[in-house]
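Working through the structure, step by step
If you want the building blocks of each chain, they are given just below.
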Amino acid sequence: MRDLRGSVVVITGASSGIGRAAALAFAARGARVVLAARRAEALADLARACREEGGEAIAVPTDVTDASAVEALATAAHRAFGGIDVWINNAGTGVFGPFQDAPLDLHHRTVAVNLLGGMYGAYAVLPHFLRQGHGTLITNISLGGWAPAPFAAAYTASKFGLRGFTASLRQELRRHRDIHVCSVFPAMVDTPGLEHGANVSGRTIDTGPLVYAPEDVAETFVHLARHPHDEVAVGWPARMAQVAYALASGPTEHAMGFAIHRALDRAGPAPRTEGALRAPLSDPPRTSGGWRARKGVPSARPLSVAGAALVGGAALLLLGRRLAPGQRRSPQ
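Residues numbered from 1 in each chain as written. Predicted model: local features only at pLDDT ≥ 70, side-chain atom pairs only at ≥ 80, totals over all residues. Heavy atoms only, no water.

Okay, the pairing of strand β4 (residues 86–89) next. On β4, burial covers both faces: Val 86 and Ile 88 on one face and Trp 87 and Asn 89 on the other are all buried. As defined by bridge partners, strand β1 (residues 8–12) adjoins β4 across three bridges and the pair is classed as parallel. Opposite Val 9, over in β4, you have Val 86 as the bridge partner. With four bridges joining them, β4 and strand β6 (residues 135–140) adopt parallel strand pairing. Paired with Val 86 across the two strands is Thr 136, which belongs to β6. (Buried < 20%, exposed > 50% of the residue type's maximum accessible area, 1.4 Å probe, protein only. Helix = DSSP H or I, 4+ residues; strand = E, 2+ residues; numbered from the N terminus. Pairing = 2+ DSSP bridges.)

Here it is as structure tokens:
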């Protein structure tokens with residue numbers, strides 16, 4: 001599907017962050033977007049912005065932990081636009097802090113949103129894909145689906161499960177050549193997500209120096225809608241985590257544990273909060289979490305591209321120098 005104009009794209013978790021950026025990115029390509037999240041007013045605001053970008057949009061308030069609500073979302077999309085071309089499981093949340101310090105219902109909610117929400121989305125849309133003979137399911141997972149994050153145990157469990165679920169589903173559907181199951185693994189992204197998640201650590205959370213823009217992930221979704229791939233990382237830290245945990249799981253666990261313990265030891269105090277897990281927050285709908293602005297840094301994507309270019313250039317230069325003597329010694 002090279003031309004997205006007129007395509008129907010359903011996005012969960014659309015009210016802010018990556019979901020909001022994705023809705024605007026697809027609308028700018030002339031897509032018809034179906035926006036899902038719990039906050040009706042935020043969705044209505046986003047629908048207006050999508051129309052201004054040149055797309056069509058409808059808002060369908062949805063709690064992804066309610067299977068019947070997700071089924072109703074798929075039905076609403078089909079009734080409004082006659083089909084579904086792309087479904088993006090983007091809704092996500094988490095609890096940060098010692099596992100035993102958070103009420104158990106917050107852990108339950110994390111697993112319900114991240115894992116069951118993704119499964120409910122697939123269950124709702126696959127009959128539409130099979131009936132029409134095509135479709136692309138994109139699931140936003142996370143770096144946490146490749147390497148375990150201490151002090152985010154329920155989040156890690158849900159993301160590891162989501163990675164396994166999508167991989168299994170991809171093989172179930174392998175004989176349906178025009179139905180694709182894509183998994184996206186972003187590194188740290190500048191969204192309101194950290195504020196919307198629960199923090200029971202009593203410490204401030206810092207994103208670190210490398211923070212990617214929500215638009216970077218949104219453009220990855222657009223690319224996958226046009227050119228589906230099985231698994232895609234957004235940002236070299238995500239890819240590095242995958243390789244490191246695959247090759248040396250023990251050292252990778254210890255390294256992550258050391259880094260996060262050290263970060264918590266140096267972090268300032270912060271109030272304990274349940275975020276938006278039990279109920280939506282009333283903050284204005286926005287794409288960015290403001291982390292890059294506060295740190296005075298750009299998105300890490302151009303920095304990563306520049307770094308890759310420098311490494312590639314150095315490698316080519318070294319290769320050229322090694323080849324040059326051999327070329328001089330070759331017979332004329």
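That covers the picture; the talk isn't over yet.
Take the packing of helix α4 (residues 104–132) against helix α5 (residues 153–172) next. Two numbers describe how α4 lies on α5: the axes approach to 7 Å, and their chain directions differ by 15°. Here α5 runs roughly parallel to α4, going by the angle between their axes. Along this stretch, α4 crosses α5, giving a crossing that reads as right-handed. From α4, His 107, Thr 110, Val 111, Asn 114, Leu 115, Gly 118, Met 119, Ala 122 and Leu 126 reach across to α5, where they touch Ala 154, Tyr 155, Ser 158, Lys 159, Gly 161, Leu 162, Phe 165 and Leu 169. Residue composition of the contact of α4 with α5, grouped by class: 10 nonpolar, six polar and one charged. (Axes fitted to C-alpha atoms, helices over the stretch in contact; angles between N-to-C directions. Parallel < 35°, antiparallel > 145°, perpendicular 65-115°, else oblique. Left-handed = near helix turned anticlockwise from the far one by under 90°. Contact = heavy atoms within 4.5 Å. Nonpolar A, V, L, I, M, F, W, Y, C, P; charged D, E, K, R; others polar.)

Let us now look at the side chain of Arg 292. Here Arg 292 shows up in helix α10 (residues 291–295). Of the polar contacts made by the side chain of Arg 292, one reaches the side chain of Asp 190; its length is 2.8 Å. The contacts of Arg 292, once residues within four sequence positions are left out, are Asp 190, Val 211, Ala 213, Pro 214, Val 297, Pro 298 and Ser 299. (Polar contact = N/O pair within 3.5 Å; in protein donor to acceptor, adjacent residues only side chain to side chain.)

Let's shift gears to the pattern of salt bridges. Within this structure, the stated rule accounts for 12 salt bridges. Between Asp 230 and Arg 170 there is a salt bridge whose closest N-O contact spans 3.8 Å. In this pair, Asp 230 is assigned in the loop between α7 (214–226) and β9 (231–234) and Arg 170 in helix α5, connecting sequence segments 60 residues apart. On the basis of relative accessible area, Arg 170 is assigned to the buried category, the value being 11%. The closest approach of N and O atoms between Arg 292 and Asp 190, which form a salt bridge, is 2.8 Å. With Arg 292 in helix α10 and Asp 190 in the loop between β7 (179–186) and α6 (193–196), this pair connects stretches of sequence that are 102 residues apart. Of the residues examined, Arg 292 reaches a relative accessible area of 18% and is grouped as buried. By relative accessible area, which is 0% here, Asp 190 ends up buried. (Salt bridge = Lys/Arg side-chain N within 4 Å of Asp/Glu carboxyl O.)

This paragraph deals with the nonpolar core. Phe 26, Leu 35 and Phe 221 are the most contacted members of the largest nonpolar core, which totals 34 residues. Every element with two or more residues in this core is listed here: β1, α1 (17–28), β2 (32–36), α2 (40–52), β4, β7, α7 and β9. What Phe 26 contacts, discounting residues up to four positions off in sequence, is Leu 4, Val 9, Ile 11, Ala 31, Val 33, Ile 88, Phe 221, Val 222 and Ala 225. Grouped together as the second largest cluster of nonpolar side chains are 26 residues, Ala 124, Val 125, Leu 126 and Val 181 included. (Core = buried A, V, L, I, M, F, W, Y, C linked by side-chain atoms within 4.5 Å.)

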